[in-house]
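The residues making up each chain are set out below.
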Amino acid sequence: MKLVRGAWKLLVGIKDALVLIAMLLFFGALFGALAARPGGSSARQGALLLKLDGPIVEQPSEPGTFASLSGSAARPEYRLRDLVRALDKAKGDGDVKVVVLDLDAFGGGYPAAVTEVADAIRRVRDSGKPVLAYATAYTDSGYRLAANASEIWVNPMGGSLFMGPGGSQLYYKGLIDKLGVTAHVYRVGKYKSFVEPYTRDAASPEAKEEVVKLYQVLFAQWQEAIAKARPKAKIAPFLTQPDKMIVAAQGNIAQANLDAGLVDKLGTRLDFNKRVAEIAGVDSGKAAGTFNAIKYDGYVARNPLPTGGAAVGVLTVAGDIIDGKSTAGSAGGDTVAKLLLDGLAKKNLKALVVRVDSPGGSALASETMRRAIQEAKARKLPVVVSMGSVAASGGYWVSTAGDRIFAEPTTITGSIGIFGIIPTFENTLKKIGITTDGVTTTPISGQPDLYAGTNAATDAIFQAGIENGYRQFITRVANARHMTPQRVDEIGQGRVWDGGTARQIGLVDQFGGLDDAVAAAAKLAGLKADGYHAEYLEKQPGLLARLIAQVTRDDDDDSAAGGDAFTRIAALHRAAFAQALGDVKRIGTGAAIQARCLECEGLGATAPAQGDVTLMNLILARFGW
């Protein structure tokens with residue numbers, strides 16, 4: 001009995017300790033959020049400060065609570081719709097004297113998302129309100145935003161070179177062979193290139209053909225947008241002969257930018273801030289280079305989404321599509337389906353918009369979400385799909401549930417194909433003297449055997465399953481787009497399309513953003529133009545997560561400065577290492593059958609996924625680097 005009582009006391013003690021720790025964390029975060037750190041106040045009038053020190057995304061990841069408190073919080077992410085709403089509000093807000101774009105550490109974004117924000121910046125400028133942009137060195141996507149500003153500043157010690165889409169892709173076939181790993185690949189789609197890094201040491205001609213076609217269209221659209229925003233800028237020589245331009249300027253990249261009309265002013269951050277202060281004002285007694293700043297987070301919070309009228313549900317499918325529950329940066333099939341089914345049960349929805357921003361992933365999870373959307377259609381709700389920056393592979397699979405599909409000209413879509421990868425380690429084990437043996441009762445006993453490899457029967461079954469999955473894919477597309485399966489197969493086979501071409505070949509109905517899709521869904525439901533609001537069906541961050549975000553986020557912190565071109569090159573090296581580690585992880589942990597787009601991965605944010613960074617940091621710490 002004493003033993004039982006002792007064990008009970010121990011369990012109670014552990015429980016009390018955990019409760020105490022949770023309370024300390026909660027109140028610590030609460031105190032930090034309310035403690036108004038020095039310089040942390042936000043002005044009501046002045047400059048709306050958009051310090052975009054992270055990527056533009058469709059749906060920000062919710063950082064882990066304990067990771068945030070330990071100082072390893074994820075980089076900031078900026079929700080596309082919030083940015084656009086803030087900019088559109090600012091153009092008519094008398095309290096906002098100027099909009100400031102701090103792009104020194106901009107994390108980039110897919111072309112469609114960057115274009116939407118750039119258009120919103122242009123609307124502010126066209127309203128007559130000044131927009132000032134600053135960076136030490138602009139990236140391509142950063143300059144796409146800055147080109148719409150009234151004044152573009154660059155640091156005289158910096159300067160910008162424009163890379164255009166493209167670059168190296170990592171291929172692991174040589175490493176896999178050295179390790180003795182056998183990558184069993186099952187796929188359908190001549191152009192389905194996602195598996196090639198694991199099966200080849202270079203891109204196939206078909207894969208390169210698709211990438212070149214896509215990148216040429218997107219790069220042409222980028223150049224057209226820059227020319228429209230700054231018609232006097234002489235950007236062509238920086239794209240065709242950058243070396244001659246910089247050598248002629250004796251290595252002074254910033255001066256070359258100024259001479260070509262790419263930027264308006266050269267100046268340090270102090271010079272820039274003083275210029276902003278001339279417009280936004282500053283309290284007397286403040287240090288030089290300060291100005292009245294309206295912080296972005298507070299501004300978004302003070303200008304919430306409308307809630308009047310009937311509800312048009314908006315279901316977001318953002319990030320990699322995975323089986324089960326959603327994780328940071330991913331859309332879990334079960335999580336997204338539950339959000340929709342709960343919304344249909346608990347909210348009086350009149351229509352549904354499915355916002356897709358995903359390069360694909362698990363075919364099973366894609367079908368899980370598509371099937372849940374069918375429940376909305378069974379309730380006679382109009383269903384409109386709004387494609388964001390990318391809706392490829394599994395993302396397009398989900399999109400087949402819509403009555404109408406909207407996309408942007410720069411939306412990346414298609415990649416109608418399917419594949420599966422299973423690694424086995426028989427040759428790896430042989431290298432260290434380990435062999436395998438056993439008995440079987442059927443042709444597939446113990447298959448797929450990770451230690452001895454797959455056999456012919458298993459390979460035949462898996463390939464047949466992949467081919468069946470592809471038939472399902474093209475059948476869903478054919479039914480949704482009113483095409484024959486043969487026609488879908490012609491434009492499928494893993495091909496990737498820009499939004500403009502996708503519209504021409506029938507994969508998309510019309511151009512437009514999320515607001516256009518919501519308006520179309522409301523009209524199909526018979527709602528008046530001013531008689532509805534968007535009801536987002538998404539998990540809200542917990543109280544503790546919101547408090548921690550307030551503590552760890554500081555718009556005035558300059559620690560994330562982007563640096564010059566050489567600093568950015570160093571960051572690219574770390575990003576490549578993080579991506580390589582992530583790719584190795586994904587080959588062993590991904591879904592068995594996937595519909596995924598490789599071409600999409602080189603066009604998004606410039607920083608690697610947070611999960612890949614975390615894995616890299618763990619490995620570097622393990623080896624003391």
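Residues numbered from 1 in each chain as written. Predicted model: local features only at pLDDT ≥ 70, side-chain atom pairs only at ≥ 80, totals over all residues. Heavy atoms only, no water.

Taken together, the six strands give an open sheet; going across it, the order is β8-β6-β5-β4-β1-β9, and neighbouring strands pair in parallel fashion. Edge strands, defined here as strands with exactly one partner in the open sheet, are β8 (265-266) and β9 (293-295). Judged from the two bridges that link them, strand β6 (residues 151-154) and β8 form a sheet pairing that is parallel. In the strand pairing of β8, Trp153 is matched with Lys265. On top of the sheet, helix α12 (residues 269-280) reaches β1 (46-51), β4 (96-102), β5 (131-135) and β6; it is set at about 160° to β4, its chief contact. (Pairing = 2+ DSSP bridges. Helix = DSSP H or I, 4+ residues; strand = E, 2+ residues; numbered from the N terminus. Contact = heavy atoms within 4.5 Å. Axes fitted to C-alpha atoms, helices over the stretch in contact; angles between N-to-C directions.)

Moving on: the packing of aromatic side chains. Scanning the entire structure with this criterion turns up eleven aromatic pairs. Pairing Trp153 with Phe272 gives two aromatic rings, centres 5.6 Å apart and planes at 75°, and the pair type is edge-to-face. Within this pair, whereas Trp153 is found in strand β6, its partner Phe272 is found in helix α12, the two being separated by 119 residues in sequence. Each of the two residues, Trp153 as well as Phe272, counts as buried. Ring pairing ties together the aromatic residues Tyr138, Tyr143, Phe162, Phe219 and Trp222, which thus form one cluster. One cation-aromatic arrangement involves Lys213 over Trp497; the distance from NZ or CZ to the ring centre is 3.8 Å. Residue placement shows Arg503 over the ring face of Phe511; its charged tip is 4.7 Å from the ring centre. (Phe/Tyr/Trp six-rings, centres within 6.5 Å; stacked < 30°, edge-to-face > 60°. Buried < 20%, exposed > 50% of the residue type's maximum accessible area, 1.4 Å probe, protein only. Lys NZ or Arg CZ within 6 Å of the ring centre and 35° of its normal.)

Time to look at unusual backbone geometry. Put simply, Gln447 and Pro448 share a cis peptide bond, and its omega is -10°. Phi is positive for Ser393, which is not a glycine, with a value near 55°. The residue Ser393 is located in the loop between β15 (383-392) and α16 (394-399) in this model. The class for Ser393 is buried, based on a relative accessible area of 0%.

Here we take up the nonpolar core. Ranked by size, the top nonpolar core spans 52 residues in total, and within it Leu50, Val99, Leu103, Val117, Tyr138, Tyr143 and Leu145 carry the most contacts. Here the element with the most residues in this core is helix α4 (residues 111-126); it accounts for seven residues. If we ignore the near neighbours within four places in the chain, the residues touching Leu145 are Leu52, Leu101, Leu103, Phe106, Val114, Val117, Ala118 and Ile121. Residues Leu381, Trp397, Tyr470 and Met483 belong to the second largest nonpolar core, which totals 50 residues. (Core = buried A, V, L, I, M, F, W, Y, C linked by side-chain atoms within 4.5 Å.)

We now examine the side chain of Arg81. The residue Arg81 is located in helix α3 (residues 80-90) in this model. Arg81 sits in the buried class, given a relative accessible area of 14%. A distance of 2.8 Å separates a polar atom in the side chain of Arg81 from a polar atom in the side chain of Glu538. Not counting residues within four places of it along the chain, the set of residues in contact with Arg81 comprises Leu305, Tyr536 and Glu538. (Polar contact = N/O pair within 3.5 Å; in protein donor to acceptor, adjacent residues only side chain to side chain.)

Now for the confidence of the model for the chain. Residues with a pLDDT of 70 or more make up 78% of the chain, whose mean pLDDT is 85. In this model residues 65-72 is a low-confidence stretch, pLDDT under 50, and it forms eleven contacts with partners more than four residues away in sequence or in other chains. Note on residues 618-625: pLDDT under 50 across the span, and four contacts to partners over four residues away in sequence or across chains. (pLDDT = per-residue confidence, 0-100.)

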